[in-house]
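Listed below are the residues making up each chain.
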Amino acid sequence: MNVSLPPPLPADVLERVRALLAEARASGLPEPDAMTLATVGADGSPSSRTVLLKALDARGLCFYTNLESRKGRDLAARPIASVTFYWRSLWKQVHCAGPVERLTAEENDAYWAARPRARQLGAWVSQQSREIDDPRRLDEAMAAAEERFRDRPIPRPDYWGGFRLRPRSLEFWTGREARLHLRERYEVTPEGIWRRFWLFP
Ligand SMILES: Cc1cc2nc3c(=O)[nH]c(=O)nc-3n(C[C@H](O)[C@H](O)[C@H](O)COP(=O)(O)O)c2cc1C
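Computed from a predicted structure; not experimentally measured. (Residues numbered from 1 in each chain as written. Predicted model: local features only at pLDDT ≥ 70, side-chain atom pairs only at ≥ 80, totals over all residues. Heavy atoms only, no water.)

## Topic: the state of the cysteines
Then, number 1: As enumerated under the stated definition, the model contains zero disulfides in all.
Then, number 2: Not part of a disulfide, Cys-62 finds its nearest cysteine sulfur in Cys-96, a span of 11 Å. (Disulfide = S-S within 2.5 Å.)

Okay, here's the thing in structure tokens:
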């Protein structure tokens, strides 16, 4: 598995992804920042789920989660992933794949501080991806957490943080009539250069 870090995204590619996100937000589409994140577990089993894109720059795409969740455990065992955005209102899809790195404690703290208090409490309450005997216990746990942190800042749990997916490949898909969709793909070559090409739909 090649998990060496790829070079930064070409500036025009980054700008294009940013422009698509802006267009999706402006179109009124709900959750324009939602992306499907696919991971692979230590035993090779695949899984996917929706997460929210929280930051984007030439290094890649950042999202936050519970590090002990299924995805967190997958990424600890195999630090690779792919994400897919589909914006129905634009009839466009973007997906990319590559190695994944943990965000720094400073990055995690900065984003944690910007989260609403209720979501901070939620992170303390949820043992994400573990079995719960009765979901009604969530409300009791929330009340207990509110009591525990009453009148003081809520610290970031050790098990909560972010990841950055560093794209090694990225594809722009544009829907067209008769399934003659456009697929414009970028991949990092073994020499470490971004190469652009087209695929049949
Ligand atoms: C629109 C939407 C956005 C979501 N955003 C996140 C997110 O940013 N981080 C997260 O951990 N879970 C998020 N979730 C919940 C995940 O899809 C998933 O249920 C949870 O993270 C557990 O996944 P896992 O057991 O595969 O680790 C979101 C779900 C939806 C529907």
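So that's the structure; there's more coming.
## Structural notes on the side chain of Thr-39
Then, number 1: One can find Thr-39 in strand 1 (residues 34-40).
Then, number 2: Within the structure, Thr-39 has its side chain in polar contact with the side chain of Arg-49 (distance 3.1 Å).
Then, number 3: Side chain to side chain, Thr-39 and Asp-74 meet in a polar contact 2.7 Å long.
Then, number 4: Excluding residues within four positions of it along the chain, Thr-39 makes contact with Ser-45, Pro-46, Ser-47, Arg-49, Lys-71, Asp-74, Leu-75, Ile-80 and Ala-81. (Helix = DSSP H or I, 4+ residues; strand = E, 2+ residues; numbered from the N terminus. Polar contact = N/O pair within 3.5 Å; in protein donor to acceptor, adjacent residues only side chain to side chain. Contact = heavy atoms within 4.5 Å.)

## Quick look at the packing of aromatic side chains
Then, number 1: All chains considered together, the criterion is met by ten aromatic pairs.
Then, number 2: The interplanar angle of 65° and the centroid separation of 5.0 Å between the aromatic rings of Trp-112 and Trp-160 together place this pair among those described as edge-to-face. Remark: Trp-160 occurs in strand 7 (residues 160-165) and Trp-112 occurs in helix 3 (residues 105-114); sequence separation between them is 48 residues. Each member of the pair, Trp-112 as well as Trp-160, carries the same accessibility label: buried.
Then, number 3: An angle of 45° between the planes, with centres 5.2 Å apart, marks the rings of Trp-124 and Phe-149 as tilted. Here Trp-124, found in helix 4 (residues 117-125), pairs with Phe-149, found in the loop between helix 5 (137-148) and strand 7; they are 25 residues apart in sequence, far enough to count as distant.
Then, number 4: According to the relative accessible area criterion, Trp-124 is partly exposed, its value standing at 23%.
Then, number 5: Among the aromatic residues, those joined into a ring-pair cluster are Tyr-64, Tyr-111, Trp-112 and Trp-160.
Then, number 6: Taking the ring centre of Phe-172 as reference, the NZ or CZ of Arg-16 above it sits at 3.8 Å.
Then, number 7: Between Arg-148 and the ring centre of Trp-124, over which it is positioned, the NZ or CZ distance is 4.8 Å. (Phe/Tyr/Trp six-rings, centres within 6.5 Å; stacked < 30°, edge-to-face > 60°. Buried < 20%, exposed > 50% of the residue type's maximum accessible area, 1.4 Å probe, protein only. Lys NZ or Arg CZ within 6 Å of the ring centre and 35° of its normal.)

## Description of the site of the ligand
Then, number 1: Looking at the ligand, the residues that line it are Glu-31, Arg-49, Thr-50, Val-51, Leu-52, Tyr-64, Thr-65, Ser-69, Arg-70, Lys-71, Gln-128 and Ser-129.
Then, number 2: In this structure, an oxygen atom belonging to the ligand sits 2.5 Å away from a side-chain N or O atom of Lys-71.
Then, number 3: One of the side-chain nitrogen or oxygen atoms of Ser-129 is found 2.5 Å away from an oxygen atom of the ligand.
Then, number 4: Considered on its own, the ligand offers 620 Å² of accessible surface; in the complex 64% of this is hidden by protein. (Near = heavy atom within 4 Å. Areas by Shrake-Rupley, 256 points an atom, 1.4 Å probe, with all protein chains shown as cover.)

## Observations regarding the nonpolar core
Then, number 1: In terms of nonpolar packing, the biggest core is built from 32 residues, with Met-35, Leu-61, Phe-85, Trp-87, Leu-170 and Phe-172 touching the most fellow members.
Then, number 2: Within the residue set of this core, elements represented by two or more residues are helix 1 (11-26), strand 1, strand 4 (60-66), strand 5 (80-87), strand 6 (92-102), strand 7, strand 8 (169-174) and strand 9 (182-188).
Then, number 3: In terms of residues, this core owes the most to one element, helix 1, which gives six residues.
Then, number 4: Residues within four places of Phe-172 in sequence aside, it is in contact with Val-13, Arg-16, Val-17, Leu-20, Gln-93, Val-94, Leu-182, Arg-183, Glu-184 and Tyr-186.
Then, number 5: Counting 13 residues, the second-largest nonpolar core is a separate cluster that includes Cys-62, Tyr-64, Leu-103 and Val-125. (Core = buried A, V, L, I, M, F, W, Y, C linked by side-chain atoms within 4.5 Å.)

## Some thoughts on unusual backbone geometry
Then, number 1: Phi angles above zero are rare outside glycine, and Ala-178 is one such case at about 60°.
Then, number 2: For Ala-178, the position within the fold is in the loop between strand 8 and strand 9.
Then, number 3: With relative accessibility at 65%, the residue Ala-178 sits in the exposed group.
Then, number 4: Backbone geometry at Arg-179 places phi at a positive 65°, although glycine is not the residue there.
Then, number 5: Within the secondary structure, Arg-179 is located in the loop between strand 8 and strand 9.
Then, number 6: Overall, Arg-179 belongs to the exposed group, its relative accessible area being 63%.

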